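In case you want the letters, here they are:
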Amino acid sequence: MKTKYFSNAINHLRTITRHRHAVIRHSRRAGIFRQGLLHDLSKYTPTEFCQGVKYYAGTFSPNETERKEKGYSGAWLHHKGRNKHHFEFWTDYNSVERRVMPVKMPVRYVAEMFCDRVAASKIYQKENYNEKHPYEYFQRGKPNRFIHPETSDLLESWLLMLREKGEKETFNHIKRTVKTGQYPKKLPIAITEEPHPED
Ligand SMILES: [Zn+2]
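Fair warning: this is a prediction, and the values are worked out from it, not measured in the lab.

A. Region of the structure containing the overall build of the chain. For the chain, the helix and strand inventory stands at 9 helices and 2 strands. Counting from the amino terminus, the chain carries its helices and strands in the arrangement α-α-α-α-α-β-β-α-α-α-α. The proportion of buried residues among the 199 residues of the chain is 29%.

Quick look at the structure:
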């Protein structure tokens, strides 16, 4: 198979930069602007960038292809090991359970994860995007996600708020929560076990 390295490199660069800029715009609104400026910078390191070019597909993550070929994605292992907005970063050995368990993420990284998910939905859905999409995407992965339950609930509640009340209100709310540095005692919108969204 002939790989089109040059055009892949241009396209991959464009994809990751466009995504980064969308996340930065959201981060400003969520009160984590300086943190947002550093979002996903490791994607420009050779370890991640070269794999991204080699396995560039355009419509899905190059990590998927690398994983199929090698049994793991080196680019992803590199990425999740140094980007704290990924819940996969937040796992550690738990001496009570005697196994690796998810750890509660600091609230400012939950906020960055929110910004990341909304940006990704917009980029994938293009003109079809609406404020239900990030919530629906969250629900599809929920049963299999290895994430601390309180972190999961906080993210879910914010995504639900986005769906119900829109961006302005949700970003303002997140900004206030980030300022406290704490998980709220009561979630802004209660999470109910809703039937699986059909779309
Ligand atoms: Zn990332």
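Still more ground to cover, so stick around.
B. Structural view of the environment of R34. With respect to the helices, strands and loops of the structure, R34 is situated in helix 2 (residues 33-37). Residue class for R34 comes out exposed when judged on the 8 C-beta atoms lying within 10 Å of it. Taking the C-alpha atoms as reference points, R34 and H78, 44 residues apart in sequence, are found 22 Å from one another.

C. Representation of the packing of helix 7 (residues 133-141) against helix 8 (residues 149-165) in the model. For the pair helix 7 and helix 8, the least separation of the axes is 8 Å and the interaxial angle reads 145 degrees. Helix-helix and strand crossings are classified by hand; for helix 7 and helix 8 the assignment is left-handed. Across the interface between the two elements, P134, Y135 and F138 from helix 7 touch L155, E156, L159, L160, L162 and R163 from helix 8.

D. Representation of the packing of helix 6 (residues 107-125) against helix 9 (residues 167-180) in the model. Running from N to C, helix 6 and helix 9 point in directions that differ by 155 degrees, and their axes come no closer than 9 Å. One way to sum up the angle between helix 6 and helix 9 is to call them roughly antiparallel. As for how helix 6 packs across helix 9, the hand of that crossing is left-handed. Each of V107, R108, A111 and F114 in helix 6 lies in contact with helix 9, whose residues at this interface are I174, T177 and V178. Residues that form the contact of helix 6 with helix 9 fall into these classes: 5 nonpolar, 1 polar and 1 charged.

E. The domain arrangement of the chain, seen in detail. In terms of domains, the chain is made up of domain 1 (5-94) and domain 2 (102-180). Centre-to-centre, using C-alpha coordinates, domain 1 lies 18 Å away from domain 2. Across the contact, 19 residues belong to domain 1 and 25 residues belong to domain 2. Every element with two or more residues in the side of domain 1 that touches domain 2 is listed here: helix 1 (5-29), helix 2 and strand 1 (91-94). Of all the elements, helix 1 adds the most residues to the side of domain 1 that touches domain 2, at 7 residues. For the side of domain 1 that touches domain 2, a count of residues per class yields 6 nonpolar, 9 polar and 4 charged.

F. Summary view of helix 3 (residues 46-54). Within helix 3, the full set of buried residues consists of E48, Q51, G52 and V53. Buried residues along helix 3 sit in contact with helix 1, helix 4 (62-70) and helix 5 (74-80).

G. Spatial organisation of the nonpolar core. Counting 27 residues, the largest nonpolar core has A30, V110, A111, F114 and W158 as its most contacted members. For this core, the elements supplying multiple residues, two or more each, are helix 6, helix 8 and helix 9. With 9 residues, the top contributor of residues to this core is helix 6. Both domains that meet at this core, namely domain 1 (5-94) and domain 2 (102-180), each give it at least three residues. If near-sequence neighbours (up to four positions away) are discounted, A111 is found in contact with A30, I32, I174 and V178.

H. Here's a closer look at the environment of T17. Examined against the element boundaries, T17 turns out to sit in helix 1. With 13 C-beta atoms counted inside 10 Å, the residue T17 sits in the partly exposed group. Sequence separation between T17 and D40 is 23 residues, and the spatial gap between their C-alpha atoms is 9.3 Å.

I. Examining helix 8 more closely. Its 17 residues place the ends of helix 8 24 Å apart at the C-alpha level, agreeing with the 24 Å of an ideal helix rising 1.5 Å per residue. At its buried positions, helix 8 is contacted by helix 6, helix 7 and helix 9.

J. Spotlight on the pairing of strand 2 (residues 99-102). Note that strand 1 and strand 2 share 4 bridges and pair antiparallel. Considered in strand 2, the bridge of T91 is made with P102.

Definitions and limits used
- Residues numbered from 1 in each chain as written.
- Predicted model: local features only at pLDDT ≥ 70, side-chain atom pairs only at ≥ 80, totals over all residues.
- Helix = DSSP H or I, 4+ residues; strand = E, 2+ residues; numbered from the N terminus.
- Buried ≥ 20, exposed ≤ 12 C-beta atoms within 10 Å, placed from the backbone.
- Axes fitted to C-alpha atoms, helices over the stretch in contact; angles between N-to-C directions.
- Left-handed = near helix turned anticlockwise from the far one by under 90°.
- Contact = placed C-beta atoms within 7 Å.
- Parallel < 35°, antiparallel > 145°, perpendicular 65-115°, else oblique.
- Nonpolar A, V, L, I, M, F, W, Y, C, P; charged D, E, K, R; others polar.
- Domains from an automatic or database assignment.
- Core = buried A, V, L, I, M, F, W, Y, C linked by C-beta atoms within 7 Å.
- Expected span 1.5 Å × (residues − 1).
- Pairing = 2+ DSSP bridges.

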